[in-house]
Amino acid sequence: MGNEKIYGILAIILALGLVAVAVLKPLPQDQYDQLQVSGTASFKEAPDQATIYVYIETTKDTALMAQQEASNILARVIKALENEGIPSNNIQTDTFSIYPEYYYPKDREPTLLGYRAVYGLKVITTDVSKTGNLIDASIKAGANRINNIEFGLSEAKMEEAKVKVIKEAVKVAQVKANAMAEAGNFRLGKIAYMNESSYYVPYTRSLDSMMKESSTVVPPEDVQISATVSLIYKI
């Protein structure tokens, strides 16, 4: 009987010891020994590139006649743009379509009015000051619609702008991390992880039509570029 009591007491002591070990066992590392912060920066940049969407539309009795007339005008527009200094690789086809047009009277069968041919050109210039001249040259050559004008950044300038805005976003995140470390009374360790996302918003000006006698003036508008970074510090 005495041995049974001793074994019972030992079992209780061992059980308490296991509980103590379970309570005192440290939490898994890398779960609560890090600090994650983010930073965002944004600024505007003067564009060094403009994209003009020039459209040619013709309507004729047959699809062939509509396409032929549109092609003739297209050739004149391209020639006019090249005379303004635009290289051929910066004059790209944006869209092309031919479709019938109908008149739909009430209580009667639709009547075929003719066929419409549409050519759309994407014209890129790295001299934004010539945007108005290019529009005028296109219209004089026969283009009858300017869909919109997009001011943006060339690839080289875009890369420079991205580096600049990412650096600023990292500074913002670092300021946050230092402030939190000071408030929480702990030291920041090395950065264990970094991630970023950046984007820019080109300025687009929509134009229904620019059939003007006088010269067209299109002042360039700045574009906005932003970046957000995430940092994880060891603490």
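Residues numbered from 1 in each chain as written. Predicted model: local features only at pLDDT ≥ 70, side-chain atom pairs only at ≥ 80, totals over all residues. Heavy atoms only, no water.

Novice: What is the right way to read the nonpolar core from this model?
Specialist: Side chains of a nonpolar character, in soluble globular proteins, are inclined to be buried together. Judged by nonpolar contacts, the single largest core of 28 residues is most densely connected at Ile52, Val54, Ile56 and Val77. Mapped onto this core, the elements with two or more residues apiece are strand E2 (49-60), helix H2 (63-83), strand E4 (111-125), helix H3 (131-140) and strand E5 (145-152). Ignoring sequence-local partners within four residues, the contact set of valine 77 consists of Val54, Ile56, Leu121, Ser138, Ala141, Gly142 and Ala143. Grouped together as the second largest cluster of nonpolar side chains are 18 residues, Ala41, Phe43, Ala169 and Val170 included. (Core = buried A, V, L, I, M, F, W, Y, C linked by side-chain atoms within 4.5 Å. Buried < 20%, exposed > 50% of the residue type's maximum accessible area, 1.4 Å probe, protein only. Helix = DSSP H or I, 4+ residues; strand = E, 2+ residues; numbered from the N terminus. Contact = heavy atoms within 4.5 Å.)

Novice: Looking at this structure, how should I read a nonpolar patch on the surface?
Specialist: Side chains of Tyr102, Tyr104 and Leu112 sit close together on the surface and give an oily, nonpolar patch of about 340 Å² of accessible area. Structurally, the position occupied by tyrosine 102 is in strand E3 (residues 91-103). With a relative accessible area of 38%, tyrosine 102 lands in the partly exposed category. (Patch = residues over 30% accessible without salt bridge, like charges linked within 9 Å, V, L, I, M, F, W, Y side chains within 5 Å. Areas by Shrake-Rupley, 256 points an atom, 1.4 Å probe, with all protein chains shown as cover. Salt bridge = Lys/Arg side-chain N within 4 Å of Asp/Glu carboxyl O.)

Novice: Just checking my understanding: could you explain the side chain of glutamate 57 for this structure?
Specialist: Relative to the assigned elements, glutamate 57 resides in strand E2. One polar contact links glutamate 57 to arginine 116, side chain to side chain, over a distance of 2.6 Å. Sequence-distant contacts of glutamate 57, defined by excluding residues within four places in its chain, comprise Arg116, Ala117, Val118, Asn144 and Arg145. (Polar contact = N/O pair within 3.5 Å; in protein donor to acceptor, adjacent residues only side chain to side chain.)

Novice: Could you clarify how one ought to interpret unusual backbone geometry in this entry?
Specialist: For residues other than glycine, phi is negative in most cases, and the peptide bonds are mostly trans. Unusually for a residue other than glycine, aspartate 107 sits at a positive phi of about 60 degrees. Mapped onto the elements of the fold, aspartate 107 is located in the loop between E3 and E4. The class of aspartate 107 is exposed, set by a relative accessible area of 82%. A positive phi is found at asparagine 185, a non-glycine position, where the angle reads about 60 degrees. Inspection of the secondary structure assignment puts asparagine 185 in the loop between helix H4 (155-184) and strand E6 (191-201). Of the residues examined, asparagine 185 reaches a relative accessible area of 72% and is grouped as exposed.

Novice: Explain H3 to me, please; I cannot follow it from the model alone.
Specialist: Given 3.6 residues to a turn, an α-helix orients residues that are three or four positions apart in the same direction. In terms of residue burial, H3 counts as a mostly covered element, since eight of its 10 residues are buried. Residues of H3 that are buried make contact with E2, H2, E4 and E5. Backbone geometry just downstream of H3 places glycine 142 in the positive-phi region, at approximately 125 degrees.

Novice: What is the right way to read H4 from this model?
Specialist: With 30 residues, H4 extends 43 Å from end C-alpha to end C-alpha; this agrees with the ideal 44 Å at 1.5 Å per step. Within H4 the residues assigned to the buried category are Met158, Ala161, Val165, Ala169, Val170, Ala173, Ala177 and Ala181. Tucked inside the fold, the buried residues of H4 contact strand E1 (34-45), E6 and strand E8 (223-234). Of the residues flanking the end of H4, it is asparagine 185, one or two places downstream, whose phi is positive at about 60 degrees. (Expected span 1.5 Å × (residues − 1).)

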